[in-house]
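Observations on the model geometry
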Amino acid sequence: MSKSLPYSVKDVNYDNAKFRHRSPLKVLSQSMLTLSTKRNYASCSTGKFLMLILIFGIGCLLLISKGPNDSAPNEKGKVTFVGGLRLGKLLRKPPRLPPRLSPDEGQLRANGSNSDPKWAARQQSVKDAFDYAWSGYRKYAMGYDELMPISQRGVDGLGGLGATVVDALDTAMIMGHDHIVSEAGAWVEAHLLERISQKDQVNLFETTIRVLGGLLSAYHLSGGDNSTMNMTHNGPKPAVYLNVAKDLADRLLSAFSSSPTPVPYSDVILRDSTAHPAPGGMSSTAEVASVQLEFNYLSAVSGDPKYSTEAMKVLAHIKTLPKTEGLVPIYISPQSGEFVGENIRLGSRGDSYYEYLIKVWLQQGGKLNSNFTYLHDMYTVAMKGVRHLLVRKSIPKGLVFVGELPYGSKGEFSPKMDHLVCFLPGTLALGATKGLTKEKALAENLLSFEDLENLKLAEELAKACFEMYEVTATGLAPEIAYFHTEEYSEDGLEGGNKSSMYAKDIIIHQADRHNLLRPETVESLFVLYRLTKDTKYRDQGWQIFEAFEKYTKVKTGGYTSLDDVTEVPPLRRDKMETFFLGETLKYLYLLFGDDSVIPLDKFVFNTEAHPLPIKHT
Ligand code: DMJ
């Protein structure tokens, strides 16, 4: 099937065709007619002389144009002229040029994936899946934190702030689901302030990344902050989102003010704005170091520096603590301000510490020699530490993975990789090119040795993350995988897809076979596709999406987590996590769509996939 031409090209062909078929005879007669209307002019002697020259010239041209070797029949048997002068050309007006796209617009359409019907259709499938997920939630669980799709009811697993509503809101805006923006926005406007003032205990980190982050993104995408990219005209005014965000953050600040050190407590009682440590007293390193994007942006748009000041003290404090080649233990004490234990990993409780080092630096303008350069330095050292201490290759097929050091760098290496670690390929690529395409960054000589190493590792790790899906019977990744190495092997714990060439490389323990609809791999595929333009990342994302559709979609509404991805049909759990709408489907939608939507050199995504604008300095 022939593709329809862009408007500008169609118009050029049309204009040229208009002049192509005028015969020389027609041209001559039209010229004489024109001359005859100018008799007065021809009656003076200069006029007669000019007219003679003109007639002589026309005669010569006609003779030349009828030479036998100088013509060729066109497809309709008429004569057109090849090589010789065409009389018509001399006498006609220049063709009217069609309207042209500006270079930027032209570029956008040329690269825009939505001009490719295959990816446009796939993007639409993700949009439909989001609608299906939302409809199930709205039907059985509206206002609860999460949907239990099998039991067809809601559950408050995150403190009762309607976390799915807020996590889903900006995804609906980005996808152009106006009715969902209206429903979710109306719920926020009608209920959220009241909920915040009445609820009991919430976790500082989870509430910041999902609820505060979701509100701030919704504020920006709906036109707040003088945003030029108003993505929606539905739902409440941006100021509504900002007011709720401020009220929530004011209460969350008690986690910082109650602590004797710059390290915040992990839990907040919303209704009386008090805070306390988690049972056991420790905070997770990732949790205390992954609230800064949100608090910084809130300070920027509210004009009140207190949010940013408190949050940034944590990172400035961690800068002073001893580390292992930039790597940090997963626990930190709000009482002493020191790290606790030696367990180093980029999975749970460690992951987004590393993510926010580079993203906060990017958010603040991404400049070396600024007040935030220390974050870039900490990130650079840490990634060098990852490459030196945590990266290994599996056997027999050589997948590159990131393991753990549960007893520090002097203890034994564990070839265990949480699915959560799959955020790292995306973060490594983003940190290397700073959101530019690899092609542009290379052409402008912007990549250091470290950047190139990190980019290479990003692509290798993305492969291991994808193979964690490919190796199972369902095509969905387990929560945790172990990798077969010279030192570590276990038999009989394969993923169930015998045709995978990595069946022997990846080991899945019985207790780790669940899938929570997590986003990290598709997040990295999205970032890598944007930055490298390698279409394999889109293909892999589509394969993962199809597996979600096949095995996690619940007939009565919503999607569910699974208990065992190594068996078909898989045992199901009964929970649709908020991040399936906030992150997983958003990243898939963006992966199949146009690069101009939320460009990576203008936005950073918080760790729950809520985009926040990069500060212009
Ligand atoms: C999300 O809440 C965030 O991405 C967080 O940083 C890690 N875990 C989940 C998704 O898996």
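Here the structure is a predicted model, which is why all the values come from computation and not from measurement. Residue indices begin from 1 for each chain and proceed along its sequence in written order. Two thresholds apply to this predicted model, a pLDDT of at least 70 for residue-level local features and 80 or more for giving and counting side-chain atom pairs, whereas whole-chain, interface and lining totals are computed over all residues. For the side-chain quantities, the full set of heavy atoms in the structure was used; hydrogens and water were omitted.

**A closer look at the sheet that holds strand 5 (residues 201-203)**
Pairing between two strands requires that DSSP report at least two bridges joining them. Numbered from the N terminus, helices here are DSSP runs of H or I no shorter than four residues, and strands are runs of E no shorter than two. One open sheet accounts for 3 strands, arranged 5-6-7; its pairing is antiparallel. The strands lining the two open edges of the sheet, one partner per strand, are strand 5 and strand 7 (274-276). For this sheet, the mean inter-axis angle between neighbouring strands, taken without regard to orientation, is 30 degrees. As paired strands, strand 6 (residues 267-269) and strand 7 are joined by 3 bridges and run antiparallel to one another. Note on strand 7: the bridge partner recorded for D267 is H276. The angle between two axes is taken between their N-to-C directions and runs from 0 to 180 degrees, where each axis is a line fitted to C-alpha atoms and a helix contributes only its stretch in contact.

**A word on the side chain of T164**
Structurally, T164 can be placed in helix 8 (residues 163-175). Note on definitions: a residue-residue contact is assigned when non-hydrogen atoms from the two residues lie within 4.5 Å. When neighbours within four sequence positions are excluded, T164 is seen to be in contact with Y137, Y144, D145, E146, T578 and L581.

**Section: the UniProt feature "binding site: Ca(2+)" (unreviewed entry) in the protein chain**
According to UniProt, the positions carrying the feature "binding site: Ca(2+)" (unreviewed entry) are T607. By the secondary structure assignment, T607 is in the loop between strand 16 (603-605) and strand 17 (611-613). Throughout this description, buried means an accessible area under 20% of the type-specific maximum (1.4 Å probe, protein chains only), exposed means over 50%, and partly exposed covers the range between. T607 gets classed as buried once you look at its relative accessible area, which sits at 14%. Other than its neighbours up to four places away in sequence, T607 contacts F205, I209, S352, E355, Y356 and E583. One polar contact links T607 to E355, side chain to side chain, over a distance of 2.9 Å. UniProt positions are given in the numbering used here, feature names are shortened, and annotations may be inferred rather than shown by experiment. As used in this structure description, the phrase polar contact means that two N or O atoms lie within 3.5 Å; if the pair is within protein, one of them must be able to donate a hydrogen and the other to accept it, and residues adjacent in sequence are counted only when both atoms belong to side chains.

**Structural notes on the nonpolar core**
In these notes, a set of buried Ala, Val, Leu, Ile, Met, Phe, Trp, Tyr and Cys residues joined through side-chain atoms within 4.5 Å is what counts as a nonpolar core. Ranked by internal contacts, the top residues of the largest apolar core, which has 162 residues, are V188, L192, F295 and I318. Source of the domain bounds: an automatic or database domain assignment. Shared between two domains, this core takes at least three residues from each, and those domains are domain 1 (116-157 + 354-611) and domain 2 (161-341). If you look at the next biggest cluster of nonpolar residues, it comprises 5 residues, including I480, Y488, L493 and I507.

**Examining the pattern of salt bridges**
Throughout this description, the term salt bridge denotes a Lys or Arg side-chain nitrogen within 4 Å of a carboxyl oxygen of Asp or Glu. In the structure shown here, the tally under the stated rule is 29 salt bridges. Linking R271 and D200 is a salt bridge whose minimum nitrogen-to-oxygen distance equals 2.2 Å. You can see R271 sitting in the loop between strand 6 and strand 7 and its partner D200 sitting in the loop between helix 9 (178-198) and strand 5, a full 71 residues away along the chain. Note on R271: relative accessible area 45%, which makes it partly exposed. The salt bridge involving E206 is made with R210; its shortest N-O contact spans 3.0 Å. Of this pair, E206 and R210 both sit in helix 10 (residues 204-221), 4 residues apart, which is roughly one turn of that helix. Since its relative accessible area comes to 21%, E206 is described here as partly exposed. A relative accessible area of 7% places R210 in the buried class. When salt bridges that share partners are traced, they join E146, K575 and E577 into one network.

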